[in-house]
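This is what each chain is made of:
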Amino acid sequence: MNRDNAVALPETLPVHRAEDLTQGGTQARIVLGDQVYSLRITRAGKLILTK
């Protein structure tokens, strides 16, 4: 499909605020299957996700 025929689709992905995930802090744990990941908000306002 080229740009002339592009159709705007409504956004259907869930949206989560990082501050909500960290409950106002700077870190949260995210579980996927049997793996646990760490989400961290840096002082610069960036996100880091590590295993």
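In this report, we go over the structure that sits alongside the text.

Definitions and cut-offs
- Residues numbered from 1 in each chain as written.
- Predicted model: local features only at pLDDT ≥ 70, side-chain atom pairs only at ≥ 80, totals over all residues.
- Heavy atoms only, no water.
- Salt bridge = Lys/Arg side-chain N within 4 Å of Asp/Glu carboxyl O.
- Helix = DSSP H or I, 4+ residues; strand = E, 2+ residues; numbered from the N terminus.
- Buried < 20%, exposed > 50% of the residue type's maximum accessible area, 1.4 Å probe, protein only.
- Patch = residues over 30% accessible without salt bridge, like charges linked within 9 Å, V, L, I, M, F, W, Y side chains within 5 Å.
- Areas by Shrake-Rupley, 256 points an atom, 1.4 Å probe, with all protein chains shown as cover.
- Polar contact = N/O pair within 3.5 Å; in protein donor to acceptor, adjacent residues only side chain to side chain.
- Contact = heavy atoms within 4.5 Å.
- Pairing = 2+ DSSP bridges.
- Axes fitted to C-alpha atoms, helices over the stretch in contact; angles between N-to-C directions.

1. Things to note about the pattern of salt bridges
Considering all chains together, one arrives at one salt bridge under this definition. For E19, the salt bridge is made with R17, and the minimal N-O distance between the two is 3.4 Å.

2. Details of unusual backbone geometry
Notably, Q23 is not glycine yet its phi reads approximately 50°, a positive angle. When you line up the elements, Q23 lands in the loop between α1 (18-21) and β1 (27-32). Accessibility expressed as a relative area gives 75% for Q23, which makes it exposed.

3. Some remarks on a nonpolar patch on the surface
Together, L21, I30 and L49 give the surface a local cluster of nonpolar side chains, amounting to about 260 Å² of exposed area. Tracing the sequence through the fold places L49 in strand β3 (residues 47-50). In this structure L49 comes out as exposed when scored by relative accessible area, which is 54%.

4. Focus on the side chain of T22
If you trace the backbone, T22 turns up in the loop between α1 and β1. Separated by 3.3 Å, the side chain of T22 and the backbone oxygen of E19 make a polar contact. Not counting residues within four places of it along the chain, the set of residues in contact with T22 comprises Q27, A28 and I41.

5. Some details on the sheet that holds β3
One open sheet accounts for three strands, arranged β1-β2-β3; its pairing is antiparallel. This sheet does not close on itself; its edge strands, each paired only once, are β1 and β3. Strand-to-strand twist across the sheet, computed as the mean angle between neighbouring axes with direction ignored, equals 25°.

6. What to know about the environment of L39
Residue placement: L39 occurs in strand β2 (residues 35-41). Sequence-wise, L39 and R29 are ten residues apart; in three dimensions their C-alpha atoms are separated by 6.1 Å. Excluding its chain neighbours within four sequence positions, the residues that come into contact with L39 are L21, T26, Q27, A28, I30, L47, I48 and L49.

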